[in-house]
Structures are given as C-alpha cells and as structure tokens.
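Tertiary structure, described
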Amino acid sequence: LKVDSSNNRVGIGTLSPSSTLHLESASSPTLQIKDTTNNATFKAYAQNSNTHLANTSNHDLIIDTNNIERIRILAGGNVGIGTTSPGARKLRIVGSSSAYPLSLDSTDSDYQLEFTKNGTSEWWIAASASSFKIHENGVGDKLTVLAGGNVGIGETSPLGKLHIKGTDVGASPA
C-alpha cells in the first residue's frame, strides 16, 4: 500500500500511483463494491488481455448518465436501451417519436443488416443510395425498392412502380 498524500493518491500493488486510486496486480486486479443488504456485487477488473465491468451477483446491471438510467442488462442477459424492461428480447431499443431508436451507420457506401440462424446467414437487408433490398440466402433478392420509388418483387431492376416476376403471380383469396 502506497499513500501519496502530496498528490492525493493511493496505490495498492504499486509504489507509483498514477490516479486517485490505482490497483495493480499480476493476476486480475479487482475493484469490488458490494451492498451487503441485498448482496449486489459490482466489480471492475482486468484479466489476461481483457478488462471487465461485471455484476457478479444475480442482479441487473444498470448504466446511468446524467442520473438517468440509459441501459439495463437483466441478470439473465437480455439488454434494454431506453427501457427498464427488455422482457424476453435479447435486445430491446426504445426511443421517442422525435428520435430514431436505432441507426445503422457505415463508412462504406452500403449498409447491411443480416439475420442468421445458428451462425448461418438466412436473410439480409441491404441499402445503398440507389436501392433497398431484402435477400433470402440461397434464393436471391426477394424485394427491391429503387431510389426512384419503383418496387420489384422477384425483380432486381423494376421497370414500373410495381414489377412482379415469378411463376405464381396473383392475389390470394381473402
């Protein structure tokens, strides 16, 4: 233990503390904060080549900014952003009507959102400046919307407002 009173620093495991509280160890230096009433335990630690923020008890982990809850990770692992109740969803994002609840940005010219099952690509949605497409893996593009508004079902280059291509084109009975 090193107390550097001239700089108001405390070092545990180091003789040269570089911050107000400096923990250093060859094996997983850990800061632990525990509420003994409910046994809620929060840890911040470094282990091997990783760093961790952890709730090591069976409680939710909540991240606040400006004294307002922003992210909640339930004890079971489901995540809520903008909500305290993600429920059965792995990720639930809630936003106000004046803000987009989810924005996907790309440094490339295209944007892509992929849906997988057991690690295998099933469906993906792609958007660029010229089109929006829904694609089924192994089948191809199912729906294409061009920037000018033409929509193709089974057609990647729709020539009119609605261009349907396929062997079974028609309306289903109501």
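Presented here is a report on the structure given in the accompanying data block.

Regarding unusual backbone geometry
If you check the backbone angles, Asn8 has positive phi at about 55 degrees while not being a glycine. Its location among the elements puts Asn8 in the loop between strand E1 (2-4) and strand E2 (9-12). The exposure class assigned to Asn8 is exposed, which follows from its relative accessible area of 60%. Despite not being glycine, Asn39 has its phi angle at roughly 55 degrees, a positive value. Among the secondary structure elements, Asn39 is positioned in the loop between strand E4 (30-35) and strand E5 (40-47).

Quick look at the sheet that holds strand E3 (residues 21-23)
Sheet architecture is open: three strands sit in the order E1-E2-E3, paired in mixed fashion. Whereas interior strands pair on both sides, the edge strands pair on one side only; in this sheet they are E1 and E3. Taken over all neighbouring pairs, the strand axes of this sheet differ in orientation by 15 degrees on average, direction set aside. Strand direction decides the pairing type here: E2 and E3, joined by three bridges, are parallel. Its bridge partner being in E3, Val10 is matched across the sheet by Leu21.

Things to note about the environment of Gln47
In this fold, Gln47 is placed in strand E5. Counting along the chain gives 78 residues from Gln47 to Ile125, while the straight-line C-alpha distance between them is 38 Å. Those residues within four positions of Gln47 in sequence are excluded, and the remaining contacts are Ser28 and His52.

How each quantity is defined
- Residues numbered from 1 in each chain as written.
- Predicted model: local features only at pLDDT ≥ 70, side-chain atom pairs only at ≥ 80, totals over all residues.
- Heavy atoms only, no water.
- Helix = DSSP H or I, 4+ residues; strand = E, 2+ residues; numbered from the N terminus.
- Buried < 20%, exposed > 50% of the residue type's maximum accessible area, 1.4 Å probe, protein only.
- Pairing = 2+ DSSP bridges.
- Axes fitted to C-alpha atoms, helices over the stretch in contact; angles between N-to-C directions.
- Contact = heavy atoms within 4.5 Å.

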